Every structure is written in structure tokens, then in C-alpha cells.
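Observations on the model geometry
Listed here are the chains, written in short residue letters.
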Amino acid sequence: MLVGGQPVRRDTLFAALLEAGGDAGLSELVLDRAVADRLNRRGLAITTADLDRERDRLLDQLAAAAGDPQDPEALLAAFRAQRGLSAGRFDRLLRRNAGLWALAERPTPPGEAAIRRRYDLRFGGRYAVRVIATPDLAAAQRVLADLDAGRGFAAVARERSTDPSGELGGALPLVSLADPAWPQSVRDAVAGMAAGAVSSPVAVEGGFLIVRLEEVVETPAPALEDVRDALAADLVRSGERLAMRRAARDLLQDTPVMVLDPALAEPWARARRRALGPAGTGGNPGTAR
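So, here's what we can say about the structure. (Residues numbered from 1 in each chain as written. Predicted model: local features only at pLDDT ≥ 70, side-chain atom pairs only at ≥ 80, totals over all residues. Heavy atoms only, no water.)

Another aspect to go through is the packing of helix H3 (residues 48–66) against helix H5 (residues 87–103). Between H3 and H5, the shortest axis-to-axis distance is 9 Å and the interhelical angle comes to 100°. Taken together, the axis directions place H3 and H5 in an arrangement best described as roughly perpendicular. Residue-level inspection shows Asp 50, Leu 51, Glu 54, Arg 55, Arg 57 and Leu 58 of H3 in contact with H5, the latter providing Phe 90, Leu 94, Arg 95, Asn 97, Ala 98 and Trp 101. A breakdown of the residues in the contact of H3 with H5 according to their chemical character gives six nonpolar, one polar and five charged. (Axes fitted to C-alpha atoms, helices over the stretch in contact; angles between N-to-C directions. Helix = DSSP H or I, 4+ residues; strand = E, 2+ residues; numbered from the N terminus. Parallel < 35°, antiparallel > 145°, perpendicular 65-115°, else oblique. Contact = heavy atoms within 4.5 Å. Nonpolar A, V, L, I, M, F, W, Y, C, P; charged D, E, K, R; others polar.)

Turning our eyes to something else, we now look at H5. Because an α-helix packs 3.6 residues into every turn, residues spaced three or four apart end up facing the same way. Helix length check: H5 (17 residues) gives 24 Å between terminal C-alpha atoms against 24 Å at 1.5 Å per residue, within 8%. When we look at burial in H5, the residues that qualify are Arg 89, Phe 90, Leu 93, Leu 94, Arg 96, Asn 97, Ala 98, Gly 99, Leu 100, Trp 101 and Leu 103. (Expected span 1.5 Å × (residues − 1). Buried < 20%, exposed > 50% of the residue type's maximum accessible area, 1.4 Å probe, protein only.)

Counted residue by residue, strand E3 (residues 126–134) has eight buried out of nine residues, so it is predominantly covered. Where E3 and strand E4 (residues 175–176) come together, two bridges link them in antiparallel fashion. Bridge pairing in E4 links Tyr 127 to Val 175. Alignment of E3 against strand E6 (residues 207–217), held across nine bridges, turns out to be antiparallel. Residue pairing for E6: Val 129 is matched across the bridge by Leu 213. (Pairing = 2+ DSSP bridges.)

Per the stated rule, a full pass over the model turns up 17 salt bridges. As a salt-bridge pair, Asp 32 and Arg 96 come within 2.7 Å of each other at their nearest N and O atoms. Taken together, the residues span a long stretch of sequence, with Asp 32 in helix H2 (residues 23–41) and Arg 96 in helix H5 at a distance of 64 residues. The exposure class of Asp 32 is partly exposed, given its relative accessible area of 22%. Here Arg 160 ties to Asp 146 by a salt bridge, and the two come within 2.8 Å at their closest N and O atoms. Taken together, the residues span a long stretch of sequence, with Arg 160 in helix H8 (residues 153–160) and Asp 146 in helix H7 (residues 137–148) at a distance of 14 residues. (Salt bridge = Lys/Arg side-chain N within 4 Å of Asp/Glu carboxyl O.)

By definition, the strands of a sheet pair up through backbone hydrogen bonds, in either a parallel or an antiparallel sense. Pairing is antiparallel in the open sheet, where four strands are placed in the order E4-E3-E6-E5. The open sheet has two edge strands with one neighbour each: E4 and strand E5 (202–204). Across the sheet, H7 is in contact with E3 and E6; its angle to E6 comes to roughly 45°. Across the face of the sheet, H8 comes into contact with E3 and E6 while running at roughly 45° to E3.

This part is about the packing of aromatic side chains. Taken as a whole and judged by the stated rule, the model has one aromatic pair. On the numbers, 5.3 Å between centres and 50° between planes, the contact of Tyr 119 with Phe 123 is tilted. With Tyr 119 and Phe 123 both in helix H6 (residues 112–123) and four residues apart, this pair spans about one turn of that helix. Note on Tyr 119: relative accessible area 12%, which makes it buried. The ring of Trp 101 carries Arg 106 above its face, with NZ or CZ at 3.9 Å from the centroid. (Phe/Tyr/Trp six-rings, centres within 6.5 Å; stacked < 30°, edge-to-face > 60°. Lys NZ or Arg CZ within 6 Å of the ring centre and 35° of its normal.)

Structure (C-alpha cells):
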């Protein structure tokens, strides 16, 4: 196997495959080589202080996710156990993170609008909905005709919906109107509905949705000022993670890899797809942040 034109020794390759469980080992090995090469080209070096800082950042992230004070070392031990990280692989993870942070474009500090959106996303109302997905407007109109005839929404969803949620009668996880993961057209439709109402066909990528609002779930929320600092810190962490993952994807896309052993061709193709994510926008290419 050649990474960036440089050979990978067989013993190094198979040690990585054995320790990380196959595909993950391949993507980590390639990313480690790519990070080291890019740092060298830019005349950058990773210091002990950089590694210590990455370890501290990881501990901060784990503590924030836990939601209550715990022994940092216990959190770290649980993290390593969950990911199956030996001492050597954990050290490489810290070095990889430090390298990616050195190469990443620095994110913009969160502004007031971003903090408000995060507050609304975390503490705003949630909407319990069911949907029926159709490939075109004509199919959506036929669904509405079935509903107008008195058929139950869940039954029609199981029969007609092209979305996997159809097996659950169209039920989806609670929707937040501040969550950009949901199409704006769906959020706009839900915002104007009363409980029990069914929407007109809502245009989304790939077709149309019929939406039924089951209920609005309200939860007690703290004052924005009481959680502003925590929300800002969470946004900073999110921005750093996104910047590092973008740097990792760019490196994986830009680094030429030649697979000489036919047995590794498909594992590497899977590893690359998983690391880059759908359409090159998702995935978690070997980072901890």
C-alpha cells in the first residue's frame, strides 16, 4: 500500500488492522500519514504541550457530555473502553487531533444569533409528528384523499409512505423548529399547525410530505442568561470539531492511496466512504472531538 507515494510496511499495516478492527484501522493509518506529511510540508511540529492540550480538551468535552462532575480519569477510562483504544492507539488519536487542529481553518466565534439558535434548539418546544412521504404531488393527493375518507394516518403511512418511518406509522423523533436538520418547509408547516391537524403536501427534496401534528411538548426552560456561557462553550466545541473533520476529509480526499494487495481494495473503499460520509459531508474520520 502506498500513501502519498510512500510505502506502508506490511507489519505496520496489519498491526493497525488488528488493533482498530479492520476498516477503521485503514482510515486512521492513512489519515495519520496524511497529517504528518501536511505538517512537514508546512514546517509545523506537534509538541508535548500540543498533546497535553488535546488531552485537556477531550476531558472537557467528556465532562460536558456527562452533565455532572465526575472523576476526569474515570471519564477518560470509560471513553477509551467504549472506543476500544489501547494506550498506543489513544496516543495516536491525540497526535492526530493535535495535527488536525494545527491544520484546520479556525472557526468564527459564536455570535448572539448563534447562541439564541442553540438555546431554542436545546430548550424550545418539541413537536411530535407523523409523516407520510410520497415521490410526487399526485401520490400526495391520493394520500390526502384516503385521509379525508376517514382512514387512520398511521395505517396509511404503513401502506403508502416511502420513508422508513412508515413502518412506525410515520412517527418521527421530536421536531425542534430551530433544528436545521429538518427541512425549512417542514418546520414552517409544523409551526402553523394545531394538534391533530394534517398539512397540505409539503415539498421536500425527493418528493412531498404529508405531516400530522400529534402534540406540542413543552419543557421548563432556564433563562437564557443563566446558560449563555455554557451554550457559547458548546458552540465553540462544535465549531472546532467541524473544522477538524473538514480538515480530515480534505486530507483523505487529497492524499493519493494506491492499494497493491487486492484483498485490501474493498476494505479501503469502505473505510474511505465511511470516513468521508454521505456526499463527502458526514462521517467522523478518526477524530475524538
